[in-house]
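Spelled out from the first residue to the last, the chains are:
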Amino acid sequence: MAVTTHSGRIRVRPLTKANLSIQVTLIGLTLLTIYSFTTFDARNINLVEALGEMLNSFRLLFFEPHLKNTGWVELWHVLLVTIGLGFLTTIFGAIIAFFLALLAAQNLAPRWLAQVIRAGTAVVRAVPTVLWVLFFAVSAGLGSVAAVLGMTFHSAGYLIKAYSESFEEIEPGVLEALRASGASWWQTIFQAVLPASASALLSWTFVRFEINFSTAIAMGATAGAGGIGYNMFMASVYYLDLRELGALSYAILLFAMLLEWLATRMKANLGAKS
């Protein structure tokens, strides 16, 4: 790859194995995309009519929301169930992740221990949340229990990495000064680590809560966890009611906006106190 420097000279970037693999992958995906479009059988498809039906579906979904099979009381009830599922798994995952992240931060724990925990959490993150829910469903059965266990497991793996990296960004001089003054390990955590990383921990926790809320919607439809996801599944698959699906979607959007506002206010208050 050629790169132009400030002096106007063209410097050729050396071709490494990583760059070569990326280029080969991109070329392969491009060729597969071209092949798919050239071999796609669209003889029995009226593209103009299909486009019109799609736009009409979007019109019904976004501009004519209406509740028919779900009442307003039930709507807020199932929304609270989904919020509770996301909140519960976030809290459980955050508590587990906080203590393990202290042992996964290389500036707070032995290097070998940090590497072992990080390797384990990398495996946990590599497996999608849905698969963890299905794994736990083997013993607990499909439902809210399997959803809570699977989502908590993945949340902990996600937050361990996020929290430990936040801990490692603390100035080394602050930790060395406390250790030199005779502070214990827990005193160092509560006097230096927590105050310095509180804003980052709050941000990562809210990000994970948003992820868990979205996952809880999917789990309600696919894993029998209940909540608003189940109602959306019924409206789209059984009732074929796009208007009701739109109303449910707007309820989710309203809560997402409220959550973003709450996260911004809490971060602002935390920053003002610090």
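Nothing here was measured: the structure is a model prediction, and the numbers come from that model.

**Student:** Sorry if this is basic, but what is going on with the pattern of salt bridges here?
**Tutor:** Oppositely charged side chains can form a pair if their charged atoms are brought close together. The final tally for this structure, using the stated rule, is four salt bridges. With a shortest N-O distance of 2.9 Å, Glu64 and Arg243 are connected by a salt bridge. Separated by 179 residues along the polypeptide, Glu64 in the loop between α2 (47-63) and α3 (72-104) and Arg243 in helix α10 (residues 242-273) bring together distant segments of the chain. Judged by relative accessible area, Glu64 falls into the partly exposed class, the value being 27%. Arg118 is the partner of Glu168 in a salt bridge, and the nearest nitrogen-oxygen pair spans 2.5 Å. Pair noted here: Glu168 is in helix α6 (residues 144-168) and Arg118 is in helix α4 (residues 111-126), with a separation of 50 residues, a long-range link.

**Student:** Looking at this structure, I do not really get a nonpolar patch on the surface. What am I missing?
**Tutor:** Nonpolar side chains collect at one region of the surface, where Phe87, Leu88, Ile91, Phe92, Ile95, Ile96, Phe99, Leu100, Leu103, Trp185, Trp186 and Phe190 lie side by side and expose about 1,100 Å² of accessible area between them. Going through the elements one at a time, α3 and α8 (185-222) are the ones with two or more residues in the nonpolar patch. Element by element, the count of residues in the nonpolar patch is highest for α3, at nine residues. Among the secondary structure elements, Leu103 is positioned in helix α3. For Leu103, a relative accessible area of 30% gives the class partly exposed.

**Student:** Can you walk me through α3 in this structure?
**Tutor:** Since there are 3.6 residues in each turn of an α-helix, residues three or four apart along the chain are aligned in direction. Helix length check: α3 (33 residues) gives 46 Å between terminal C-alpha atoms against 48 Å at 1.5 Å per residue, within 8%. Taken as a whole, α3 carries its principal kink of about 30° at Phe98.

**Student:** What exactly am I supposed to notice about the packing of aromatic side chains here?
**Tutor:** Pairs of aromatic rings are described using the distance from one ring centre to the other and the angle between the two planes. Using the criterion set out here, one finds 13 aromatic pairs in the structure. On the basis of an interplanar angle of 65° and a centroid distance of 4.7 Å, the ring pair of Trp132 and Phe153 is categorised as edge-to-face. On the criterion of sequence distance, the pair formed by Trp132 in helix α5 (residues 129-140) and Phe153 in helix α6 is long-range, its members being 21 residues apart. Residue class for Phe153 comes out partly exposed when judged on its relative accessible area of 36%. With 4.7 Å between their ring centres and 50° between their planes, Phe213 and Phe255 make a pair best called tilted. Taken together, the residues Phe213 in helix α8 and Phe255 in helix α10 connect sequence positions 42 residues apart. You can call Phe213 buried: its relative accessible area is 5%. The buried category is assigned to Phe255, whose relative accessible area is 12%. In this structure an aromatic cluster arises from ring pairing among Phe87, Phe209, Phe213 and Phe255.

About the cut-offs
- Residues numbered from 1 in each chain as written.
- Predicted model: local features only at pLDDT ≥ 70, side-chain atom pairs only at ≥ 80, totals over all residues.
- Heavy atoms only, no water.
- Salt bridge = Lys/Arg side-chain N within 4 Å of Asp/Glu carboxyl O.
- Helix = DSSP H or I, 4+ residues; strand = E, 2+ residues; numbered from the N terminus.
- Buried < 20%, exposed > 50% of the residue type's maximum accessible area, 1.4 Å probe, protein only.
- Patch = residues over 30% accessible without salt bridge, like charges linked within 9 Å, V, L, I, M, F, W, Y side chains within 5 Å.
- Areas by Shrake-Rupley, 256 points an atom, 1.4 Å probe, with all protein chains shown as cover.
- Expected span 1.5 Å × (residues − 1).
- Bend = angle between axes of the 7 residues up to and from the residue.
- Phe/Tyr/Trp six-rings, centres within 6.5 Å; stacked < 30°, edge-to-face > 60°.

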